[in-house]
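Reading the structure
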Amino acid sequence: VRGAEAAVFLQGLLTNDVTPLVAAGGAPPALYAHALNVQGRCLYDVILYRLHGSTTEEPHILLECDSSVLDSIQKHLKLYKIRRKVTITPCPDLSLWAVIPGEQPGDASSLPKSADQALLLTPDPRAEVMGWRLIAKKGANLSEIIPGSQVGDIQDYHRHRYKQGIPEGVKDLPPGVALPLESNLAFMNGISFTKGCYIGQELTARTHHMGVIRKRLLPVRFPAPLPGAPEGAEILTESGKPAGKFRAGRGELGIALLRLAHVNEPLCMELGGDRVQLSATTPEWWPKAAAK
């Protein structure tokens, strides 16, 4: 999204305050946000990156989204563009990498601040446990950009996400269904409660100010890998009370929307006529007050 009015345009569509991306000074190069519908439910989860070097340059903001919604997010943006001075174009020549710290605590100082082949290397704005985001030209040599790194596969990345309870994309955040605060948007630095109007703001602000969020997305674990993750399956307590819904997963790990009152109880799910046990945990990276 490029043009003089890029930030103003995105400001009215996203939950986070986009103005720091185009401000002078030590502004963050990346922001996390949701685009909501008028009912205040999530349509798209995005990470925004500032690509212009200084405030004298024309704003040039890159949006990262689930690849399966590439067309619909462009339509969504163009619908609200009206007469604004912005151009919206896909970037098929760029590739996106997640740089995840190893099992040992990572030392960020060992990462190069910038490299010729990397367009951008920045901490993941959602949570420290997600490491860094790297944007490079297609075909760039990763081992030159980050010496000593190993290229994993996409399954490693999703397993890491589910372990940490970080939702991403349309499976974890079903469009028109997921609510931003139940999806831990505030914990993931993805929302501003002081920025003013944007689409879907009213319900989100009301929920925040009432201060009651009874359900949240949480990481769950099964005793053994599931052959097929039953998206949307009902999760029950041992006594058969509804506790929430399974969203998505990989192997024995997954993410589920659960009532906080039942998080510490034994939980189960019907799967092909059998009951499968599962357990939920509260992520370490959550704010301490939230884990209570």
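In this convention, every chain numbers its residues from 1, walking through the sequence in written order. Local features in this predicted model are restricted to residues whose pLDDT is 70 or higher, and side-chain atom pairs enter the listing and the counts only when it is 80 or higher, whereas totals over whole chains, interfaces and linings include all residues. To get the side-chain values, all heavy atoms of the structure are used, and hydrogens and water are removed first.

Focus on the UniProt feature "domain: CAF17 C-terminal" (unreviewed entry) in the protein
Taken from the UniProt record, the annotation "domain: CAF17 C-terminal" (unreviewed entry) applies to residues 214–288. Each end of residues 214–288 is marked by a C-alpha atom, and these two atoms are 17 Å apart; helix forms 0% of the span and strand 52%. UniProt positions are given in the numbering used here, feature names are shortened, and annotations may be inferred rather than shown by experiment. Here a helix means four or more residues in a row that DSSP labels H or I, a strand means two or more in a row labelled E, and each is numbered from the N terminus.

Side note on the pairing of strand E11 (residues 267–271)
Here, a strand pair is defined by DSSP locating no fewer than two bridges between the strands. Here strand E8 (residues 234–237) runs beside E11; their pairing, made up of three bridges, is antiparallel. By the bridge assignment for E11, Thr 237 is matched with Leu 267. Bridge count between E11 and strand E12 (residues 274–280): five bridges; the pairing is antiparallel. From the neighbouring strand, Leu 271 faces E12, where its bridge partner is Asp 274. Linking E11 back to E12 in an antiparallel pair, the connection comprises two residues, with Gly 272 at a positive phi of about 55°.

Focus: the pairing of strand E10 (residues 253–259)
For every residue, the accessible area obtained with a 1.4 Å probe (protein chains only) is divided by the maximum for its type, and the residue is called buried under 20%, exposed over 50%, and partly exposed between those limits. Burial of E10 is extensive: six of the seven residues sit out of reach of the surface. Pairing between strand E9 (residues 242–250) and E10: six bridges, direction antiparallel. Each bridged residue has a counterpart across the sheet, and for Lys 245 the counterpart in E10 is Leu 257. In this structure, the hairpin formed by E9 and E10 is closed by a connection of two residues, where Gly 251 is found at a positive phi of approximately 65°.

Remarks on unusual backbone geometry
A positive phi angle, near 50°, is found at Ile 82, a position not held by glycine. If you trace the backbone, Ile 82 turns up in the loop between helix H3 (70–81) and strand E4 (94–99). Residue Ile 82 is classed as exposed on the basis of its relative accessible area of 69%. Phi is positive for Asn 184, close to 65°, though the residue is something other than glycine. As for its placement among the helices and strands, Asn 184 is situated in the loop between helix H6 (169–172) and helix H7 (201–210). Look at Asn 184 and you get buried, because its relative accessible area is 0%.

Considering the side chain of Asp 172
Along the chain, Asp 172 falls in helix H6. Residues adjacent in sequence count toward polar contacts only when both atoms are side-chain atoms; beyond that, a polar contact is any pair of N or O atoms within 3.5 Å, and within protein one must be able to donate a hydrogen and the other to accept it. Looking at Asp 172, its side chain comes within polar contact range of the side chain of Arg 161, at 2.7 Å. A polar side-chain atom of Asp 172 sits 3.0 Å from the main-chain amide nitrogen of Glu 168. Contact definition: two residues touch when any of their heavy atoms are within 4.5 Å. Setting aside chain neighbours within four positions, we find Asp 172 in contact with Arg 161, Tyr 162, Ile 166, Pro 167, Leu 217, Arg 247, Ala 248 and Ile 255.

Description of the pattern of salt bridges
A pair is scored as a salt bridge if a Lys or Arg side-chain nitrogen falls within 4 Å of a carboxyl oxygen belonging to Asp or Glu. Within this structure, the stated rule accounts for 15 salt bridges. Taking the shortest distance from any N to any O, the salt bridge between Asp 124 and Arg 133 comes out at 3.5 Å. Judged by its relative accessible area of 2%, Arg 133 falls in the buried class. Salt-bridge contacts for Glu 202 lead to Arg 206; the nearest nitrogen and oxygen are separated by 3.9 Å. Within this pair, Glu 202 and its partner Arg 206 are both found in helix H7, separated by four residues, close to a single helical turn. With relative accessibility at 44%, the residue Arg 206 sits in the partly exposed group. Each member of the salt-bridge network shares a partner with another, and the members are Glu 64, Asp 124, Arg 126, Arg 133, Arg 161, Glu 168 and Asp 172.

Digging into the sheet that holds E4
Pairing is antiparallel across the open sheet formed by three strands, whose spatial order is E4-E6-E5. Sheet topology places E4 and strand E5 (118–123) at the edges, where each strand pairs with a single neighbour. Each neighbouring strand pair of the sheet contributes to a mean axis angle of 15°, computed without reference to strand direction. Relative to strand E6 (residues 132–137), E4 is paired through six bridges, and the arrangement is antiparallel. Following the sheet pairing, Leu 96 is matched in E6 by Ile 135. Every axis in this analysis is a line fitted to C-alpha atoms, fitted for helices over the stretch in contact. Angles between the N-to-C directions lie between 0 and 180 degrees.

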